[in-house]
Structure formats: structure tokens, C-alpha cells
Amino acid sequence: DTYIMTEVEPLTRQRDGHPFAILTGASFGAFHALSIGLRHPDRIHRVLSMSGLTDIRRFTDGYHNDLVYFSNPPEFIANENDGWRLDHLRRQNVILTAGTTDSLIHGNRELSSVLWSKGIGNALREWDGFAHDWPVWHRQINMYLGGND
């Protein structure tokens, strides 16, 4: 998070000059895009998560602390009550994609529901089958990088 937000994002903004920032990732990379993007809604304007892991707790073997909590979108979004953050999150464009037979679909549905419960609009796009592969992600980037379909 620190490297992305203090090194990469400012350098990208300096070189590109465009104020609209997008984070995207596939599978575990989508988790990072969601985690970072949803923690910085004032600086990240669109998050595209393709076949994304949404809840990191399955990898922590029961361990839980503030780092896990504040990196885990289903947890920190569910408990978000700061008006300024909610206002920025509600302006963010969040797109979640997953295949209907991908084991990660349930987490994407859950995160979409948590976001909606906080008034944070998002587009959950369920693709037929597994859809957890590079050729599918290539099509999804082309379809959704510019925004919702």
C-alpha cells in the first residue's frame, strides 16, 4: 500500500497528468487492487477486480489483527461510518467480475452486497463458467477498463 500510494501513484500522475486513477488486478492481484483502492477512494477512482479474492482471512489461519482488518475489504467496508470516506467511496467506480463456477464468486457476491449496504454502488458481473484465466481477463479488461458495461 505505502509503495503504491507514495511512489507509483504520484509518479503515474506526474507522467500522465490525468487526474483519474484506475487500479486493476486478476485473482490475488485483484485483492490488492480492491484493498488499496477502497482504502484510498479519494485518489483511486475506478477499481476493476477480475476473478478476485475479496477476503484475505482464508489465508491467515485464524490470525487477526488491525493489519488484517484494515486490509480486508469485507471487514473494513462493513464497519465504515466516516462520512468523508463514504462520500468518496460512493463516487468510486467498482467493478467485480467472476465466473459462476469459480470458488471466488461467493466472496465477490458478498463484497458487492456489503458495498451496496453502505450505499456504495458497484457492478458485479458474473461470467459463465470458471472465467479464471488470462484470455477471459483480456476480454474483461477491454470490456470494463473504460467503466461499467
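Our subject is the structure that appears above.
As the structure is a computational prediction, the values presented were derived from the model and not from experiment.

## Considerations on a nonpolar patch on the surface
Logical step 1: A contiguous nonpolar surface patch, about 280 Å² in accessible area, is contributed by F20, I22, I141 and L145.
Logical step 2: With respect to the helices, strands and loops of the structure, I22 is situated in strand 1 (residues 22-26).

## Concerning the sheet that holds strand 4 (residues 122-127)
Logical step 1: Strand order in this open sheet of 4 strands is 1-2-3-4, and the pairing throughout is parallel. Each having just a single partner strand, strand 1 and strand 4 make up the two edges of the open sheet. Ignoring which end each strand starts from, the neighbouring axes of this sheet average 10° apart.
Logical step 2: Note: strand 2 (residues 46-50) against strand 3 (residues 93-99), 5 bridges, orientation parallel. In the strand pairing of strand 3, R46 is matched with N93.
Logical step 3: The strands that helix 2 (residues 28-39) touches are strand 1, strand 2 and strand 3; relative to strand 1, the one it contacts most, it runs at about 155°.

## What to know about the nonpolar core
Logical step 1: Within the largest apolar cluster, 20 residues are counted, with the highest numbers of intra-cluster contacts made by L34, L38, I44, I77, V94, L115 and I120.
Logical step 2: For this core, the leading source of residues is helix 2, giving 4 residues.
Logical step 3: In this structure, V94 is in contact with L34, L38, V47, L115, G121, N122 and A123, ignoring residues within four places of it in sequence.
Logical step 4: In this structure, L48, I95, V136 and W137 belong to the second largest nonpolar core, which totals 10 residues.

## Considering the packing of aromatic side chains
Logical step 1: Within this structure, the stated rule accounts for 5 aromatic pairs.
Logical step 2: Note on F28 and F59: the rings are 6.2 Å apart at their centroids and 80° apart in plane angle, and the pair reads as edge-to-face. Note that F28 is positioned in helix 2 and F59 in the loop between strand 2 and helix 3 (66-71), a separation of 31 residues in sequence.
Logical step 3: A relative accessible area of 38% places F28 in the partly exposed class.
Logical step 4: Given a relative accessible area of 54%, F59 falls into the exposed group.

## Concerning helix 5 (residues 83-91)
Logical step 1: Listing the buried residues of helix 5 in full gives R85, L86, H88 and L89. Projection of helix 5 onto a plane perpendicular to its axis shows the buried side chains occupying an angular sector of 165°, all on one side.
Logical step 2: The inward-facing, buried residues of helix 5 contact helix 2 and helix 4 (73-78).
Logical step 3: Sitting at the amino-terminal end of helix 5 is D82, which places a side-chain oxygen 3.1 Å from the backbone nitrogen of W84.

## Focus on the pattern of salt bridges
Logical step 1: For the structure shown, the criterion picks out 8 salt bridges.
Logical step 2: Taking the shortest distance from any N to any O, the salt bridge between R39 and D1 comes out at 2.9 Å. Here D1 lies in the segment before helix 1 (2-16) and R39 lies in helix 2, a separation of 38 residues in the sequence.
Logical step 3: D55 is the partner of R57 in a salt bridge, and the nearest nitrogen-oxygen pair spans 2.5 Å.
Logical step 4: By relative accessible area, which is 34% here, R57 ends up partly exposed.

Cut-offs applied
- Residues numbered from 1 in each chain as written.
- Predicted model: local features only at pLDDT ≥ 70, side-chain atom pairs only at ≥ 80, totals over all residues.
- Heavy atoms only, no water.
- Patch = residues over 30% accessible without salt bridge, like charges linked within 9 Å, V, L, I, M, F, W, Y side chains within 5 Å.
- Areas by Shrake-Rupley, 256 points an atom, 1.4 Å probe, with all protein chains shown as cover.
- Salt bridge = Lys/Arg side-chain N within 4 Å of Asp/Glu carboxyl O.
- Helix = DSSP H or I, 4+ residues; strand = E, 2+ residues; numbered from the N terminus.
- Pairing = 2+ DSSP bridges.
- Axes fitted to C-alpha atoms, helices over the stretch in contact; angles between N-to-C directions.
- Contact = heavy atoms within 4.5 Å.
- Core = buried A, V, L, I, M, F, W, Y, C linked by side-chain atoms within 4.5 Å.
- Buried < 20%, exposed > 50% of the residue type's maximum accessible area, 1.4 Å probe, protein only.
- Phe/Tyr/Trp six-rings, centres within 6.5 Å; stacked < 30°, edge-to-face > 60°.
- Arc of directions from axis to C-beta.
- Polar contact = N/O pair within 3.5 Å; in protein donor to acceptor, adjacent residues only side chain to side chain.

Limitation: the analysis is restricted to geometry and does not speak to function.
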